[in-house]
Amino acid sequence: NTGVELTSTYTTDLLGAEAKYWANAAIVDGTLNEFGVNHDLPYTTNIKLKAGLTLNWRDKYILTTRLHWIGPTNGGVGTAGVDAPSHAVVYLHGQILDVLTKGMDLQLTINNLFDQRYYESGDGSCGGGSGLNQVPQDPRWVKIALKYRF
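Residues numbered from 1 in each chain as written. Predicted model: local features only at pLDDT ≥ 70, side-chain atom pairs only at ≥ 80, totals over all residues. Heavy atoms only, no water.

1. Section: the environment of Asn 1
When you line up the elements, Asn 1 lands in the segment before β1 (2-14). In this structure Asn 1 comes out as exposed when scored by relative accessible area, which is 69%. Residues Asn 1 and Val 28, spaced 27 residues apart in sequence, show a C-alpha to C-alpha distance of 7.5 Å. Once residues within four sequence positions are removed from consideration, Asn 1 is found in contact with Asp 29, Gly 30, Thr 31 and Leu 41. Within the structure, the side chain of Asn 1 is placed 2.8 Å from the backbone nitrogen of Thr 31, a separation counted as a polar contact. (Helix = DSSP H or I, 4+ residues; strand = E, 2+ residues; numbered from the N terminus. Buried < 20%, exposed > 50% of the residue type's maximum accessible area, 1.4 Å probe, protein only. Contact = heavy atoms within 4.5 Å. Polar contact = N/O pair within 3.5 Å; in protein donor to acceptor, adjacent residues only side chain to side chain.)

Below, the structure written as C-alpha cells:
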C-alpha cells in the first residue's frame, strides 16, 4: 500500500485584504488481501482534494470558504459493500470581530452551502460490521453565533 499527501499554502494581498490560499491532495493506492484474494481497500477513496481561501480585512472582517472533493469510496470487501460516488461539499464561515464591544464577535457558518446530498459507503451490517449502507451526511445547516472572548 502506498500513499502521498501534498499541501500548499500561499498568502498575498487581495483588494486590501490579507488572502490565505491553501490546497491539499491525498492519494492512496493499495489492496487488502483476505484469504488469498486481493480487494480494493475498504471504505477508502483513492483521492481527496481540499482547498480554501481566507480573506482578512484589517483583523475586523474575516471570510473563509472551503471546498472538499472526495473521490468514489469503496463500500467494503465482498458483495455486501455499497460504494459511495464522488462528491464535493462547500463550507462558508464569516465573522466580524469586536462587533458590539471589544471581545464580542458575530459569526455565521454555513455547512454544505449548496445542500449537496451525499452518502458514506458501508457494508450493510448493523452492529457487527463497519456500518450501514449509504448513510446520508449532513444537509445544509446554518449557525449564527455571538461569541464573547474574555
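2. Some remarks on the confidence of the model for the protein
Per-chain confidence: the protein averages 88 in pLDDT, with 88% of residues scoring 70 or above. Across the protein, element-level confidence peaks in strand β8 (residues 104-111) with a mean pLDDT of 98 and bottoms out in strand β10 (residues 135-136) with 76. (pLDDT = per-residue confidence, 0-100.)

3. Points about the pattern of salt bridges
For the coordinates displayed, the defined rule picks out three salt bridges. One salt bridge in this structure joins Arg 149 and Asp 98, with 3.0 Å as the shortest N-O distance. Remark: Asp 98 occurs in the loop between β7 (87-96) and β8 and Arg 149 occurs in the segment after β11 (141-148); sequence separation between them is 51 residues. We classify Arg 149 as partly exposed; its relative accessible area is 39%. For Asp 98, a relative accessible area of 27% translates into the label partly exposed. The residue Arg 117 makes a salt bridge to Asp 115 at a minimum N-O spacing of 3.1 Å. A single network of salt bridges, built from pairs that share partners, joins Asp 98, Asp 105 and Arg 149. (Salt bridge = Lys/Arg side-chain N within 4 Å of Asp/Glu carboxyl O.)

4. Remarks on the sheet that holds β1
Reading across from one edge, β1-β2-β5-β6-β7-β8-β11 is the order of the seven strands in this open sheet, with antiparallel pairing throughout. Every other strand in the sheet has two partners, leaving β1 and β11 as the edge strands with one partner each. Here the average twist between neighbouring strands, direction ignored, is 10 degrees. In this sheet, β7 lies alongside strand β6 (residues 61-70) in antiparallel orientation, the contact comprising ten bridges. For Trp 69, the partnering residue across the bridge sits in β7 and is Ala 88. (Pairing = 2+ DSSP bridges. Axes fitted to C-alpha atoms, helices over the stretch in contact; angles between N-to-C directions.)

5. Description of the packing of aromatic side chains
Using the criterion set out here, one finds two aromatic pairs in the structure. Aromatic pair Tyr 148 and Phe 150: ring centres 5.2 Å apart, planes at 80 degrees, arrangement edge-to-face. The exposed category is assigned to Phe 150, whose relative accessible area is 95%. Geometry around Tyr 91 places Arg 66 over its ring, the cationic atom sitting 4.3 Å from the centre. (Phe/Tyr/Trp six-rings, centres within 6.5 Å; stacked < 30°, edge-to-face > 60°. Lys NZ or Arg CZ within 6 Å of the ring centre and 35° of its normal.)

6. Observations concerning a nonpolar patch on the surface
Taken together, Val 99, Leu 100, Leu 106, Leu 108, Val 142, Ile 144 and Leu 146 make up a surface patch of nonpolar side chains, about 650 Å² in accessible area. Only β8 and β11 provide two or more residues apiece to the nonpolar patch. The leading source of residues in the nonpolar patch is β11, at three residues. Tracing the backbone shows Leu 108 in strand β8. Of the residues examined, Leu 108 reaches a relative accessible area of 36% and is grouped as partly exposed. (Patch = residues over 30% accessible without salt bridge, like charges linked within 9 Å, V, L, I, M, F, W, Y side chains within 5 Å. Areas by Shrake-Rupley, 256 points an atom, 1.4 Å probe, with all protein chains shown as cover.)

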